[in-house]
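Secondary and tertiary structure notes
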Amino acid sequence: SASGAADASRELGIDPHKITVVHNGVDSDLFRPLTGVGQVPGRIITTTSADVALKGLVYLIEALAKVRTERDAHLVVVGRPRPGGRVLAAIDRFAMSEHVTFEAEVDNLRLVELYATSEVAVVPSLYEGFSLPAAEAMASGVPVVATTGGALPEVVGTDGTCGTLVASRDAGALATAIAALLDVPAARARMGAAGRERVLRMFTWQRTAERTVDVYRQVISPC
């Protein structure tokens, strides 16, 4: 991330303004809006590579319970819960077992389909160095609700453009942001289109390659 690169450059005594940040790339041909695939009303999606506290899934479970007090909503978690872990305990505590589905070991085509059928993607992480789930959701044309943890604002961009940014560890703020998007289809469409455009401009593998070439040119040029 740019913030991480700036911190590292200061520690090394390098002018952070001279650092070129090379972001991860997203396969924007694979992760794309699908025509002819309808969204499931109230479907929320989140992707977690591991059932660890840093991913903030417990806060999303609590947020889902709050959202469901006024509207129907269902959460699809791309990942596997840890037996006896905090996530399953939270699902029991908030009586959300009928409203949370886990999809483990999905391939990319299934993941694209899940994004296409979801109205909102949520990244509730307490910290992210770079969030591929956020970028993949944006590439798929899905509006994002994400926390301000780590590099997430750098990926999602200005609050309210491609998605909504909230403080980490705040289930109430997550619930408010999710509900606002579920209730306003026009906002979802606008943010989803803006997210797709942002990925095509900043996070494609072609852009990653171009930035990598820039770095090599900067290193070679003084020689």
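Definitions and cut-offs
Residues numbered from 1 in each chain as written. Predicted model: local features only at pLDDT ≥ 70, side-chain atom pairs only at ≥ 80, totals over all residues. Heavy atoms only, no water. Phe/Tyr/Trp six-rings, centres within 6.5 Å; stacked < 30°, edge-to-face > 60°. Helix = DSSP H or I, 4+ residues; strand = E, 2+ residues; numbered from the N terminus. Buried < 20%, exposed > 50% of the residue type's maximum accessible area, 1.4 Å probe, protein only. pLDDT = per-residue confidence, 0-100. Contact = heavy atoms within 4.5 Å. Expected span 1.5 Å × (residues − 1). Polar contact = N/O pair within 3.5 Å; in protein donor to acceptor, adjacent residues only side chain to side chain. Pairing = 2+ DSSP bridges. Right-handed = clockwise from strand over helix to strand, strands pointing away. Axes fitted to C-alpha atoms, helices over the stretch in contact; angles between N-to-C directions. Parallel < 35°, antiparallel > 145°, perpendicular 65-115°, else oblique. Left-handed = near helix turned anticlockwise from the far one by under 90°. Core = buried A, V, L, I, M, F, W, Y, C linked by side-chain atoms within 4.5 Å.

With that out of the way, let us pick up the packing of aromatic side chains. According to the stated counting rule, one finds 2 aromatic pairs in the structure shown. Measuring from ring centre to ring centre gives 6.3 Å for Phe-31 and Tyr-115, while their planes differ by 70°; the resulting arrangement is edge-to-face. With a gap of 84 residues between them, Phe-31 in the loop between α1 (2-11) and β1 (43-47) and Tyr-115 in helix α4 (residues 108-116) connect regions that are remote in the sequence. A relative accessible area of 4% places Phe-31 in the buried class. For the pair Phe-130 and Phe-203, a centre-to-centre distance of 5.7 Å together with 75° between the ring planes defines the contact as edge-to-face. You can see Phe-130 sitting in the loop between β4 (120-123) and α5 (132-139) and its partner Phe-203 sitting in the loop between α8 (185-202) and α9 (205-220), a full 73 residues away along the chain. Its relative accessible area of 16% is what places Phe-130 among the buried residues.

Let's shift gears to the confidence of the model for the protein chain. Model confidence for the protein chain is summarised by a mean pLDDT of 90, while 90% of its residues fall at 70 or above. Low pLDDT (under 50) marks residues 5-10, which in the prediction has 7 contacts with non-local residues, meaning those over four places away or in another chain.

In this section: helix α7 (residues 171-183). Here α7 contains 13 residues, and its C-alpha end-to-end distance of 18 Å stays within 8% of the 18 Å for a straight helix at 1.5 Å per residue. Buried residues in α7 make contact with β1, α2 (57-67), β4, β5 (144-147), β6 (163-166) and α8. The residue sitting at the N-terminus of α7 and contributing the capping side-chain oxygen is Asp-170; that oxygen lies 3.2 Å from the backbone nitrogen of Gly-172.

What follows concerns the pairing of strand β2 (residues 74-78). The buried count for β2 comes to 4 of 5 residues, which makes it a mostly enclosed element. For β1 and β2, the ladder comprises 5 bridges, and the chain directions are parallel. Directly across from Ile-45, in β2, lies its bridge partner Val-76. Crossover handedness for the path β1 to α2 to β2: right-handed.

Its identity as a non-glycine residue notwithstanding, Ala-95 has a phi of 55°, on the positive side. In this fold, Ala-95 is placed in the loop between α3 (86-93) and β3 (100-103). Classification of Ala-95 as exposed rests on a relative accessible area of 55%. Of note in this structure, Glu-105 is not a glycine but carries a positive phi near 55°. Within the secondary structure layout, Glu-105 lies in the loop between β3 and α4. Look at Glu-105 and you get exposed, because its relative accessible area is 74%.

Relative orientation of the contacting elements α2 and α7 amounts to 55°, with a least axis distance of 8 Å. Looking at the two axes, α2 sits oblique to α7. For the pair α2 and α7, the crossing hand works out as right-handed. Residue-level contacts link Tyr-59, Leu-60, Glu-62, Ala-63, Lys-66 and Val-67 of α2 to Ala-171, Gly-172, Leu-174, Ala-175, Ile-178, Ala-179 and Leu-182 of α7.

It is worth spelling out the nonpolar core at this point. Counting residues in each nonpolar core, the largest one holds 31 residues, and the members touching the most others are Ile-44, Ile-61, Leu-75, Val-100, Val-122, Val-145 and Ile-178. Sorting the residues of this core by element identifies α2, β2, α3, β4, α7 and α8 as the ones contributing at least two each. Take this core: its biggest share by element is 9 residues, from α2. The residues touching Ile-178, leaving out its near neighbours within four places in the chain, are Ile-44, Leu-60, Val-67, Val-122 and Val-145. Within the second largest apolar cluster, 29 residues are counted, among which are Leu-30, Ala-134, Val-155 and Val-156.

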